[in-house]
Structures are given as structure tokens and as C-alpha cells.
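The residues making up each chain are set out below.
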Amino acid sequence: QVQLVESGGGLVQPGRSLRLSCAASGFTFSNYAMSWYRQAPGKERELVASITNTGGDRNYADAGKGRFSISRDNAKNTVDLQINSLKPEDTAVYYCSRRSGRNFYYGVDYWGKGTLVTVSS
């Protein structure tokens, strides 16, 4: 069965960097685009970034522009999200997701359980 397991969250000070990772299993990882979403307390889940199945193209939503970088390693079945210069407003649960096709125009069909990032001094 499809499994997406996020890791790398935690408590981090403002201005620091953090790298989240998602380990995928149960499907042919290199056939699917992947995305990261986040949900802040009291807010709706929002798209952060997406990457095509080969990693050749990336797309950043407004929430992810500037300080976020998505990458993937198809040999290791992982997709990462690098977040730089963290701000308190980046505090959220970050979710890994699978798109139902090779590019990020497909909808999400599987979600991970999320990893909590708390930005605070």
C-alpha cells in the first residue's frame, strides 16, 4: 500500500533552516509528481511546492516562493523540502503528498500524516 512518511520537523528558532524529508513506499516513486503542503493552526491546508516525477520541473505556490526548495531522489524514494530563514508564520504541520500523475497538474491522491514545524525563540 502507498505510504508517505514525513520526518525532520521540530522546534526551530527564527532565522534558522530546516530540511523536511518524505519517505515513499508501496508504489513506483519515479512515476509520480509529489507535493508539499502545510496547515497552520486555525488555517486551511495550503500548497507549498510541487515537483514532477523526474525532478525536472518545480512549482512553488505563493506560500513557498523565495525561501523554500523542493527536491527528490528517485533512487532513494524521497522528496525533501528545504526551508530557509524560518519565520514564526511558517509554524504548521507539513504534509507530503502524491500527485496522481507525472506532473503537478494532477490532483493529490495520497497524503502523509504530517510533521510539525514550530518556529519560535
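Before reading on, note that the structure itself is shown above.
Remember, it's a predicted structure, so these values are computed and weren't measured experimentally.

*Asks:* How should the overall build of the protein be read in this particular structure?
*Replies:* Of regular secondary structure, the protein possesses zero helices and 11 strands. Scanning the protein from its N terminus toward the C terminus, one meets helices and strands in the order β-β-β-β-β-β-β-β-β-β-β. Over its C-alpha atoms the protein spans a radius of gyration of 13 Å, differing by no more than 12% from the 14 Å that the globule rule assigns to 121 residues. Per-residue burial for the protein yields a buried fraction of 44% across its 121 residues. Excluding contacts between residues fewer than 6 apart, the proportion of contacts in the protein whose partners are at least 24 apart in sequence is 57%. For the protein, the exposed surface amounts to about 6,300 Å²; the carbon and sulfur share of it is 44%. Placing the 15 positive and 10 negative side-chain charges of the protein at their respective mean positions leaves the two points 3 Å apart.

*Asks:* Just checking my understanding: could you explain the sheet that holds strand β1 (residues 3-7) for this structure?
*Replies:* Sheets are built from strands that pair by backbone hydrogen bonding, the pairs being arranged parallel or antiparallel. Within the open sheet, the four strands sit side by side as β1-β3-β8-β7. Their pairing is antiparallel. Every other strand in the sheet has two partners, leaving β1 and β7 (68-73) as the edge strands with one partner each. Between one strand axis and the next, the sheet turns through 15 degrees on average, direction left out of account. Note that β1 and strand β3 (residues 18-25) share five bridges and pair antiparallel. Directly across from V5, in β3, lies its bridge partner A23.

*Asks:* Any chance you could explain the nonpolar core here in plain terms?
*Replies:* One broad rule of soluble globular proteins: the nonpolar side chains tend to lie buried together. Counting residues in each nonpolar core, the largest one holds 26 residues, and the members touching the most others are L4, L20, W36, V79, L81 and Y94. In terms of residue count, the dominant contributor to this core is β3 (four residues). Ignoring sequence-local partners within four residues, the contact set of V79 consists of L20, S21, C22, F29, M34, W36, I51, I70, S71, R72 and C96.

*Asks:* Got a minute to help me understand the state of the cysteines in this structure?
*Replies:* Covalent bonding between the sulfur atoms of two cysteines is what defines a disulfide. Evaluation of the coordinates by the stated rule reveals one disulfide. Shown here is the disulfide that connects C22 with C96, its sulfur atoms set 2.1 Å apart. Here the disulfide of C22 and C96 is left-handed, its torsion about the S-S bond being about -75 degrees. Of the two residues, C22 sits in strand β3 while C96 sits in strand β9 (residues 92-99), which places them 74 residues apart along the sequence. The class of C22 is buried, set by a relative accessible area of 0%.

Reading guide: rules and limits
Residues numbered from 1 in each chain as written. Predicted model: local features only at pLDDT ≥ 70, side-chain atom pairs only at ≥ 80, totals over all residues. Heavy atoms only, no water. Helix = DSSP H or I, 4+ residues; strand = E, 2+ residues; numbered from the N terminus. Rg over C-alpha atoms; globule rule 2.2 N^0.38 Å. Buried < 20%, exposed > 50% of the residue type's maximum accessible area, 1.4 Å probe, protein only. Contact = heavy atoms within 4.5 Å. Areas by Shrake-Rupley, 256 points an atom, 1.4 Å probe, with all protein chains shown as cover. Lys, Arg positive; Asp, Glu negative; His and termini not counted. Charge placed at Lys NZ, Arg CZ, Asp CG, Glu CD. Pairing = 2+ DSSP bridges. Axes fitted to C-alpha atoms, helices over the stretch in contact; angles between N-to-C directions. Core = buried A, V, L, I, M, F, W, Y, C linked by side-chain atoms within 4.5 Å. Disulfide = S-S within 2.5 Å.

None of this, on its own, says anything about what the molecule does.
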